[in-house]
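Next come the chains, spelled out residue by residue.
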Amino acid sequence: MFNLALLAARPPEWTHEQFITWWRGEHAEVTYPLPGLRAWRHTAVSSALEPRSEGWDGLSVLSFDDERAARAALASPEWAAAVRHVGSMRGKRIALLGEEREMFLP
């Protein structure tokens, strides 16, 4: 798998709950049609482990078969629609791309 990982913080005027509800609901509906999307996992951050990790509300990991498929999704009209849906929201994000490796299976 090849993943797009997005760590995001809500706009200052939103509550954590509002942001998670929006992300998992309204925004998810716009994101589901991404071509080649194989899986999507979302974590609502409940607490930071340490002070330097504070300020984040959620983490999404969108998975594709390979980098080519991920880059095609990011070049698609569906991705453009998802970006438009975020609009001028004043939250912050970190977006990263990379190959997944299974590190532990019980």
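The paragraphs below set out a description of the structure included in this document. (Residues numbered from 1 in each chain as written. Predicted model: local features only at pLDDT ≥ 70, side-chain atom pairs only at ≥ 80, totals over all residues. Heavy atoms only, no water.)

**Notes on the packing of aromatic side chains**
Here's step 1: The tally for this structure, following the rule as stated, stands at five aromatic pairs.
Here's step 2: Plain terms: the ring middles of phenylalanine 19 and tryptophan 22 are 5.9 Å apart, the flat faces sit at 15 degrees to each other, and that makes the pair stacked. Note that phenylalanine 19 and tryptophan 22 are positioned in helix α1 (residues 16-24) at a spacing of three residues, about one turn of the helix. Pair check on accessibility: phenylalanine 19 and tryptophan 22 agree, each one buried.
Here's step 3: Here the aromatic rings of phenylalanine 19 and tryptophan 23 are separated by 5.3 Å at their centres, their planes lie at 50 degrees, and the arrangement is tilted. Here tryptophan 23 and phenylalanine 19 lie together in helix α1, a separation of four residues that amounts to about one turn.
Here's step 4: According to the relative accessible area criterion, tryptophan 23 is buried, its value standing at 6%.
Here's step 5: Here the aromatic residues Trp14, Phe19, Trp22 and Trp23 are joined through ring pairs into a cluster of three or more. (Phe/Tyr/Trp six-rings, centres within 6.5 Å; stacked < 30°, edge-to-face > 60°. Helix = DSSP H or I, 4+ residues; strand = E, 2+ residues; numbered from the N terminus. Buried < 20%, exposed > 50% of the residue type's maximum accessible area, 1.4 Å probe, protein only.)

**What to know about the pairing of strand β1 (residues 2-9)**
Here's step 1: Summarising burial for β1: six of the eight residues are buried, a large majority.
Here's step 2: The sheet contact formed by β1 and strand β3 (residues 58-64) spans seven bridges and is antiparallel. Paired with leucine 4 across the two strands is leucine 62, which belongs to β3. (Pairing = 2+ DSSP bridges.)

**Quick notes on the nonpolar core**
Here's step 1: Of all hydrophobic cores here, the largest spans 10 residues; its members are Phe2, Leu4, Leu6, Leu34, Leu62, Phe64, Ala69, Ala70, Ala73 and Trp79.
Here's step 2: Of all the elements in the fold, those that place two or more residues in this core are β1, β3 and α3 (67-74).
Here's step 3: Not counting residues within four places of it along the chain, the set of residues in contact with phenylalanine 64 comprises Met1, Phe2, Leu34, Pro35, Gly36, Leu37, Arg38, Ala69, Ala70 and Ala73.
Here's step 4: Formed by five residues, the second largest nonpolar core is a distinct cluster that contains Ala8, Phe19, Ile20 and Trp23. (Core = buried A, V, L, I, M, F, W, Y, C linked by side-chain atoms within 4.5 Å. Contact = heavy atoms within 4.5 Å.)

**Brief notes about the sheet that holds strand β2 (residues 39-44)**
Here's step 1: Reading across from one edge, β2-β3-β1-β4 is the order of the four strands in this open sheet, with antiparallel pairing throughout. The sheet terminates laterally at β2 and β4 (92-99), the two strands that pair on one side only. Taken pair by pair, the neighbouring strands of this sheet meet at an average axis angle of 15 degrees, ignoring direction.
Here's step 2: Pairing of β2 with β3, which is carried by six bridges, proceeds in the antiparallel orientation. Looking at β3, one finds that alanine 39 is bridged to serine 63. (Axes fitted to C-alpha atoms, helices over the stretch in contact; angles between N-to-C directions.)

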